[in-house]
Amino acid sequence: MPGPAVGGGVLRPPLNAEHNAWPEATCGGGGWVHMLTLPACPSPGQRAAAARELLLAAFEDLSQEQLKRFRHKLRNAPEGSRGIPWGRLEGADAIDLVERLVEFYGPEPALEVAHKALKRSDVRDVAARLKEQRLQQLGPGPSAQLSVSEYKKKYRQHVLQLHAKVKERNARSVKITKRFTKLLIAPESPDPEDETLGLAEEPEPRRARRSDTDTFNRLFSRDEEGGRPLTVVLQGPAGIGKTMAAKKILYDWAAGKLYHGQVDFAFFLPCRELLERQGDSSLADLILDQCPDRGAPVRQILAHPERLLFILDGADELFAQGSAEAAPCADPFEATSGAQVLGALLSKALLPEARLLVTTRAAPPGGLHRHLRSPQCAEVRGFSAKDKKKFFYKFFRDERRAERAYRFVKENETLFALCFVPFVCWIVCSVLRQQLKSSQDLSRTSKTTTSVYLLFIVSLLGSAPPANGAYVQGELRKLCRLAREGVLGRRAQFAEKDLERLELSDSVVQTLFLNKKEMVGVLEAEVTYQFVDQSFQEFFAALSYLLEEEGAPEAPAGGVGALLRRDAELRGHLTLTTRFLFGLLSTERMRDIERHFGCLVSERVKQDALLWVQGQGRSTAAPEGTEGTEGLEASEEPEEEEYEELNHPLELLYCLYETQEDAFVRQALRGLPELALERVCFSRMDLAVLSYCVQCCPEGQALRLLRCQLSVLQEKKKKRSLVKRLQGSLGSRNSGASSRQPPASPLRALCEAMNDQHCGLSRLTLSHCKLPDMVCRDLAEALRAAPALTELGLLHNSLSEVGLRVLCEGLAWPRCRVQTLRVQQPGLQEALQYLIGLLRQSLVLTTLDLSGCQLPGPTVTYLCSTLQQPRCSLKALSLASVELSEYSLQELQAVKMAKPDLVITHPGLEDKPEPLEGVSSAL
């Protein structure tokens, strides 16, 4: 039986077969005789003591001259490790030398260091005896005898063999080079306020790079100041491919393609598994778990943390429910909980010079953000349109079926957008393949993640014989209970006793949806089970609330209301489960559940979810006085705690979007009179979700976008050859520039939703969003036909003269219903003439707010002249924070006297005397 761990290792002592005991250590000649008998299974302390005795006996056998020469040779550190400072060696006697060697290298590695130094000191007889005694008493220890550079090669080969193949979701093993699909990875979203562009300049869209070797190498590249990030965060939604990308990085490093000359050892740490690991472990233990044997030179490896890379997969798991709030450890050999070790790595309390690659589902939440030190963030954006097409043809293999399936999904715009997630794309293809095989109508495939997952599960369970239908439904309920227990208890791995308790062992659903995993233990292999994908566990957990009969003893306490209240702010590990729950609550999905699973879903479940959304209105509505703060400088950043709340309304919208039930969404939004989204860098899916919810807005709804990024990510295009560029240039000249169609802006879908006749959006505010001209064009089109929009706010958006002119054209349209217009934009003195000219044309505009604008004298004169026109219907004009000359104030005072019903607000007009006669006549 393997012995206990030494520094995380497992001892395999050579036994004397006859006496079942360690042989005696004896040596004749040279005056060195040492007797030591160890038990069959020595403890770590006994092995350490034996190593110390061997070292001491060897050093005591040296003359003073030999000992002096040995100390000098010991100054040269073994390759790949640190050396002992000369100040701690000079004058050291035999006992001191033993302590120094053990302190710096550990008991057993110190034997090898001493052996090599003795040979270099030309004391070969003592070196030979030390080696012989070590073999007799402690075994050969082949790995310990390897230098760090030699072990590095061995470890790389081990990683290549271990990760060369990955399991497909159908349990097939394929090469990682074939399984890995290149995704789009975008750099960290810049703050829109940090960008300085010219007035008429379009913002440069952020470029996304393919997740190839070059992109992975750039993750730790130096910035403009020459600094190199030590922590890189890869963020993205569930199923996007973060884990596969992390494993591909590990594999490419082992193959010598990544971080050449920079990283000696790379280790993959799956956070969820380590958090569920029983007992305490040190970082050294976790490293040894990944080595090909238990004799790795861990101390020498850890002696150079600047040449180590740790890949922490799923770090968001660490910070839910305060898992990382315990004091982190600072000693890599200290045995403690997995949460403390991982937390110490992230906070740099442990090995601060080491590189970290962290994957997380969401953008770094408050908990993770507080623990990271100067992280470099990148977003995994999934498949591009071309990638999706490649995936379909690769999946179906049959070109005719691939073309039919791809064409169907391409025409379903929302479903096509969902396929940016590789796992969802795989599910969609699996469902379509099943439908094509059975000649079913492809239109059954719906357009939300929930409906696609449900259809996939139904198609898998549909393969069971009809006679077993009731049995399968019962097994599915048990599987859902297992999933719910795991989600609420933050568990991803289940023991055999968990399956036995629910009577799931060897059931149909177990083989379909659970993977079996065997982990080598000390006494016997430990068998665990986990869902084929974490998102499946979250889907089944959501489904459990609809399958359980009301009042059943195994039903979840408190039902849906309790689930939602556990995560009232919609962040953390229940986010995806909550989205799935709302998707299953749609009338169509509930009918599917009743039809396929024979369960009548109570309407009370749906009402509980509706009441919960409406109750969120207090936390998402803009607090009083918000309008007065929208002109704050961009440098006034919110507190860290506030960042956790910023995307809460967007999560609510995702939940409502999953229902695809207009009446339910409209009723839910009545409890959210204002939707305020702050600092959102909109993806195409985000915009699709927002647009759908805006289309379902009830009457009187308000939408405010504050400091949001409205430029859509673009894929980095490959450089074309000179010939192709010339051909393209000639082609464009021949066709004429007039034939070019203006590109669609990111807000095109939102603007089209505003034009829907059922849209009740009445107030729209865009603040600090830097509106490019392309957005102004689509927004102007929306202003022409939006049925309910009566108030528009454009605050500090870096509008260009072209953009403002286009917006004014939309506002002047006869069908435009905007009555209140707020424009706060410094630096557009000349362009404001377009806005003033609007007052001559619009019959409905009654309130104009130009606070914070710059109005030179000629512009004020033109404004006053326009205000006195008979067609001008303006009732209120606000000029707060506008610097005006004395003459301009007198002009405005004359307008007030001529039109007493017009309210003009400016501090300089209070108690202002009557204007001079010349001023009045000038108007």
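Conventions adopted
Residues numbered from 1 in each chain as written. Predicted model: local features only at pLDDT ≥ 70, side-chain atom pairs only at ≥ 80, totals over all residues. Heavy atoms only, no water. Helix = DSSP H or I, 4+ residues; strand = E, 2+ residues; numbered from the N terminus. Buried < 20%, exposed > 50% of the residue type's maximum accessible area, 1.4 Å probe, protein only. Contact = heavy atoms within 4.5 Å. Areas by Shrake-Rupley, 256 points an atom, 1.4 Å probe, with all protein chains shown as cover. Salt bridge = Lys/Arg side-chain N within 4 Å of Asp/Glu carboxyl O. Core = buried A, V, L, I, M, F, W, Y, C linked by side-chain atoms within 4.5 Å. Polar contact = N/O pair within 3.5 Å; in protein donor to acceptor, adjacent residues only side chain to side chain. Axes fitted to C-alpha atoms, helices over the stretch in contact; angles between N-to-C directions. Parallel < 35°, antiparallel > 145°, perpendicular 65-115°, else oblique. Left-handed = near helix turned anticlockwise from the far one by under 90°. Nonpolar A, V, L, I, M, F, W, Y, C, P; charged D, E, K, R; others polar. Phe/Tyr/Trp six-rings, centres within 6.5 Å; stacked < 30°, edge-to-face > 60°. Expected span 1.5 Å × (residues − 1). Arc of directions from axis to C-beta. Pairing = 2+ DSSP bridges. Patch = residues over 30% accessible without salt bridge, like charges linked within 9 Å, V, L, I, M, F, W, Y side chains within 5 Å. Lys, Arg positive; Asp, Glu negative; His and termini not counted. Charge placed at Lys NZ, Arg CZ, Asp CG, Glu CD. pLDDT = per-residue confidence, 0-100. Disulfide = S-S within 2.5 Å.

(A) How the structure looks around the overall build of the protein chain. If you tally the helices and strands in the protein chain, you get 40 helices and 23 strands. Burial status across the protein chain gives 52% buried among its 923 residues. Considering only contacts in the protein chain between residues 6 or more positions apart, those separated by 24 or more positions represent 76%. When the accessible surface of the protein chain is summed, it comes to about 42200 Å², and 49% of that surface belongs to carbon and sulfur atoms.

(B) Quick look at the pattern of salt bridges. Per the stated rule, a full pass over the model turns up 28 salt bridges. Among the charged side chains, a network of salt bridges with common partners joins Glu485, Arg491, Asp498 and Arg501.

(C) Quick peek at unusual backbone geometry. Of note in the backbone geometry, lysine 348 takes a positive phi value of approximately 70 degrees without being a glycine. Note that lysine 348 resides in the loop between helix 13 (338-347) and strand 10 (355-360). Non-glycine residue lysine 770 carries a positive phi angle of around 50 degrees. Take lysine 770: it is sitting in the loop between strand 18 (761-767) and helix 35 (773-785). Using a relative accessible area of 11% as the deciding quantity, one classes lysine 770 as buried.

(D) Spotlight on the nonpolar core. Within the largest apolar cluster, 239 residues are counted, with the highest numbers of intra-cluster contacts made by Phe310, Phe392, Phe540, Leu543 and Val694. Among the elements that make up this core, the one with the highest residue count is helix 18 (residues 422-437) (10 residues). Excluding residues within four positions of it along the chain, phenylalanine 392 makes contact with Ala402, Ala405, Tyr406, Val409, Cys425, Val428, Cys429 and Leu432. Formed by 31 residues, the second largest nonpolar core is a distinct cluster that contains Ala50, Leu54, Ala94 and Val123.

(E) A look at the side chain of threonine 450. Mapping threonine 450 onto the fold places it in helix 19 (residues 449-461). With relative accessibility at 0%, the residue threonine 450 sits in the buried group. In terms of polar contacts, threonine 450 uses its side chain to reach the side chain of glutamate 658, at 2.5 Å. Once residues within four sequence positions are removed from consideration, threonine 450 is found in contact with Phe539, Arg579, Phe580, Gly583, Leu584 and Glu658.

(F) Just helix 35, in detail. Where helix 35 is concerned, the buried positions are Asp773, Met774, Val775, Cys776, Asp778, Leu779, Ala780, Ala782 and Leu783. Looking at the buried positions of helix 35, the neighbouring elements they touch are helix 34 (748-754), strand 18, strand 19 (791-795) and helix 36 (801-811).

(G) Representation of the packing of helix 2 (residues 64-74) against helix 3 (residues 94-105). Remark: helix 2 packs on helix 3, axes separated minimally by 12 Å, with the N-to-C direction vectors making an angle of 20 degrees. Here helix 3 runs roughly parallel to helix 2, going by the angle between their axes. Viewed along their axes, helix 2 and helix 3 form a crossing whose handedness is left-handed. Between helix 2, through Leu67, Phe70, Arg71 and Leu74, and helix 3, the contact on the second element is made entirely by Ala94, Leu97 and Leu101. Residues that form the contact of helix 2 with helix 3 fall into these classes: six nonpolar, no polar and one charged.

(H) Representation of the packing of aromatic side chains in the model. The tally for this structure, following the rule as stated, stands at 30 aromatic pairs. Geometrically, the ring pair formed by tyrosine 155 and phenylalanine 267 is tilted, given 5.4 Å between the ring centres and 50 degrees between the ring planes. In this pair, tyrosine 155 sits in helix 6 (residues 148-162) while phenylalanine 267 sits in strand 8 (residues 265-270), placing the two residues 112 residues apart along the sequence. For the residue pair tyrosine 155 and phenylalanine 267, the accessibility class agrees, reading buried in each case.

(I) Inspection of the environment of serine 842 at higher detail. Within the secondary structure, serine 842 is located in the loop between helix 37 (832-841) and strand 21 (847-849). The spatial distance from the C-alpha of serine 842 to the C-alpha of valine 818 is 9.2 Å, given a sequence separation of 24 residues. Beyond its immediate stretch of four places on either side in the chain, serine 842 contacts Leu811, Arg871 and Ser873. A distance of 3.2 Å separates the side chain of serine 842 from the backbone nitrogen of leucine 845, its partner in a polar contact.

(J) Local environment of the environment of leucine 909. Mapped onto the secondary structure, leucine 909 falls in the loop between strand 23 (903-905) and helix 40 (917-922). Residue class for leucine 909 comes out buried when judged on its relative accessible area of 5%. Along the primary structure leucine 909 and leucine 892 are separated by 17 residues, whereas in three dimensions their C-alpha atoms are 8.0 Å apart. Those residues in contact with leucine 909 that lie beyond four places of it in its chain are Leu889, Leu892, Gln893, Lys896 and Ile904.

(K) Representation of helix 15 (residues 385-396). Compared with an ideal rise of 1.5 Å per residue, which puts 12 residues at 16 Å, helix 15 spans 17 Å between its outermost C-alpha atoms and is within 8% of the ideal. Turning to helix 15, its buried residues number three or more, namely Asp387, Lys388, Phe391, Phe392, Phe395 and Phe396. With its buried residues spanning 150 degrees around the axis, helix 15 presents them on a single face. Residues Lys386, Lys390 and Lys394 are exposed on helix 15 and point more than 90 degrees away from its buried face. Directly after helix 15, the chain includes arginine 397, whose backbone phi takes a positive value near 70 degrees.

(L) Structural context of the sheet that holds strand 18. One open sheet holds the eight strands; their spatial order is 15-16-18-19-20-21-22-23, and the pairing between them is parallel. The open sheet has two edge strands, strand 15 (674-678) and strand 23, and neither has a second partner. Strand-to-strand twist across the sheet, computed as the mean angle between neighbouring axes with direction ignored, equals 5 degrees. Relative to strand 19, strand 18 runs parallel, the two sharing five bridges. Bridge pairing in strand 19 links leucine 764 to leucine 792.

(M) The arrangement of a positive patch on the surface in detail. A cluster of basic residues, Arg69, Lys73, Lys116, Lys119, Arg120 and Lys131, forms a positive patch on the protein surface. Secondary structure elements with two or more residues in the positive patch: helix 2 and helix 4 (107-120). Take the positive patch: its biggest share by element is three residues, from helix 4. When you line up the elements, lysine 73 lands in helix 2. Note on lysine 73: relative accessible area 31%, which makes it partly exposed.

(N) Structural context of a negative patch on the surface. Negative charge collects at one region of the surface, where Glu496, Glu500, Asp506 and Glu518 lie side by side. With respect to the helices, strands and loops of the structure, glutamate 518 is situated in strand 13 (residues 514-519). Glutamate 518 gets classed as exposed once you look at its relative accessible area, which sits at 56%.

(O) The arrangement of the confidence of the model for the protein chain in detail. Averaged over every residue, the pLDDT of the protein chain is 78; the share at 70 or more is 76%. Low pLDDT (under 50) marks residues 189-206, which in the prediction has 42 contacts with non-local residues, meaning those over four places away or in another chain. Considering only residues more than four positions removed or in separate chains, one finds that residues 620-646, a stretch of pLDDT under 50, has 41 contacts.

(P) How the structure looks around the packing of helix 37 against helix 38 (residues 857-867). At a minimum axis separation of 9 Å, helix 37 and helix 38 run at an interaxial angle of 10 degrees. In this view, helix 37 runs roughly parallel relative to helix 38, as classed from their interaxial angle. Taken together, the residues of helix 38 that come into contact with helix 37 (itself represented by Gln833, Ile836, Gly837, Leu839 and Arg840) are Thr859, Tyr862, Leu863, Ser865, Thr866 and Leu867. A class-by-class count of the residues in the contact of helix 37 with helix 38 yields five nonpolar, five polar and one charged.

(Q) Structural view of the state of the cysteines. The tally for this structure, following the rule as stated, stands at zero disulfides. Left unpaired, cysteine 681 is separated from the closest cysteine sulfur, that of cysteine 708, by 9.2 Å.

(R) Broad picture of the environment of lysine 516. Structurally, lysine 516 can be placed in strand 13. Of the residues examined, lysine 516 reaches a relative accessible area of 48% and is grouped as partly exposed. Considered as a pair, lysine 516 and glutamine 493 are 23 residues apart in the sequence and their alpha carbons are 9.7 Å apart. Ignoring any residue separated from it by four or fewer positions in sequence, one finds lysine 516 in contact with Val527, Thr528 and Tyr529.

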